[in-house]
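Now for the letters of each chain:
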Amino acid sequence: MSEKSMMQRMLAGEQYVADDPEIAAAIARAQGLTHRINTADPTDADGLRELFTELLGGFGEGSEIRPPFRCDYGSQTTIGSGCFANFGLVVLDVATVTLGDDVQIGPNVQLLTATHPLEPGPRRDKWESAEPIVIGDNVWLGGGVIVCPGVTIGADTVVGAGSVVTRDLPAGVVAVGSPARVVREL
């Protein structure tokens, strides 16, 4: 039985070191496509849709992302239909990032699946891992929101601008702060 490659370990949610040629190729692919996205004519909606469709694991009908846009892989990110992301979305999609339908994302939002060991030795040795992020249908993430690894946000929830979401949020609530906490039900 052969040992898993670092790419296989990454995709399985295990600790890995990003020194695998497959990882390097996937990152280079994403960097090339995001460069094309970020330098494209912003009024060329069809051209941008084509590039996002090529980059992402899924890009739903009627969805729009306004460049600039950054991601690690793109292929690990699935965006439902009718979604809108304003300028400056960052998606560190080492693990999967799944957005439902009709998600609204303010400017400069960060969806961060990547994590690193707390212990200094393994961190110095460049080990890392990731935990998936799931954003439910009709969620609104205000400007500057940061969603941390492993978080699920329930449908119809609103996260206030500048909040840092470190734990799961239920459906149908308003959450604000750092760390984000539920302040009311909708």
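Attention in this report is confined to the structure presented alongside it.

What follows concerns the nonpolar core. Counting residues in hydrophobic clusters, the biggest one holds 36 residues, and the most contacted among them are Phe69, Leu111, Leu141, Val147, Ile153 and Val165. Of all elements in the fold, only α2 (21-39), α3 (45-55), β4 (69-71), β7 (89-92), β8 (97-99) and β13 (133-135) reach the threshold of two or more residues within this core. Ranked by residue count, the leading element in this core is α3, at four residues. Apart from residues no more than four positions distant in its own chain, Val165 is found in contact with Val145, Ile146, Val147, Cys148, Val151, Ile153, Val159 and Ala180. Within the second largest apolar cluster, nine residues are counted, among which are Met10, Tyr16, Ile23 and Tyr73.

Across the five residues that make up strand β20 (residues 181-185), only a small minority, zero, are buried. Pairing between strand β19 (residues 173-176) and β20: four bridges, direction antiparallel. Among the inter-strand pairings, Val173 is bridged to a residue of β20, identified as Glu185. Linkage of β19 to β20, two consecutive antiparallel strands, is achieved through a turn of four residues, within which Gly177 is found at a positive phi near 100 degrees.

Summed over all chains, the structure comprises two aromatic pairs. Judged by centre distance (5.4 Å) and plane angle (35 degrees), the ring pair of Phe52 and Phe59 falls under tilted. Across the pair, Phe59 and Phe52 agree in class, each one buried.

All right, on to α3 then. Of the positions making up α3, those classed as buried are Gly47, Leu48, Leu51, Phe52 and Leu55. The arc enclosing the buried residues of α3, seen along the axis, measures out at 130 degrees, which places them on a common side. More than 90 degrees from the buried face of α3, the exposed residues found are Ala45, Asp46 and Glu50.

Here we take up empty space enclosed by the protein. Under the definition given, this model contains one cavity of 30 Å³ or more. Quantified by volume, the largest cavity comes out at close to 40 Å³. Lining the largest cavity we find Phe59, Ser63, Glu64, Ile65, Ile79, Cys83, Phe84, Ala85, Leu99 and Ile105. Looking at the lining of the largest cavity, the elements that each hand over two or more residues are β3 (64-65) and β6 (84-85). Classifying every residue of the lining of the largest cavity by side-chain character gives eight nonpolar, one polar and one charged.

How each quantity is defined
- Residues numbered from 1 in each chain as written.
- Predicted model: local features only at pLDDT ≥ 70, side-chain atom pairs only at ≥ 80, totals over all residues.
- Heavy atoms only, no water.
- Core = buried A, V, L, I, M, F, W, Y, C linked by side-chain atoms within 4.5 Å.
- Buried < 20%, exposed > 50% of the residue type's maximum accessible area, 1.4 Å probe, protein only.
- Helix = DSSP H or I, 4+ residues; strand = E, 2+ residues; numbered from the N terminus.
- Contact = heavy atoms within 4.5 Å.
- Pairing = 2+ DSSP bridges.
- Phe/Tyr/Trp six-rings, centres within 6.5 Å; stacked < 30°, edge-to-face > 60°.
- Arc of directions from axis to C-beta.
- 1 Å grid on protein atoms, 1.4 Å probe; cavity = no way out; pocket = protein on both sides within 12 Å on 5 of 7 lines; lining within 4 Å.
- Points joined across faces, edges and corners; volume = space filled by probe spheres on them.
- Nonpolar A, V, L, I, M, F, W, Y, C, P; charged D, E, K, R; others polar.

That is the geometry; function is a separate question.
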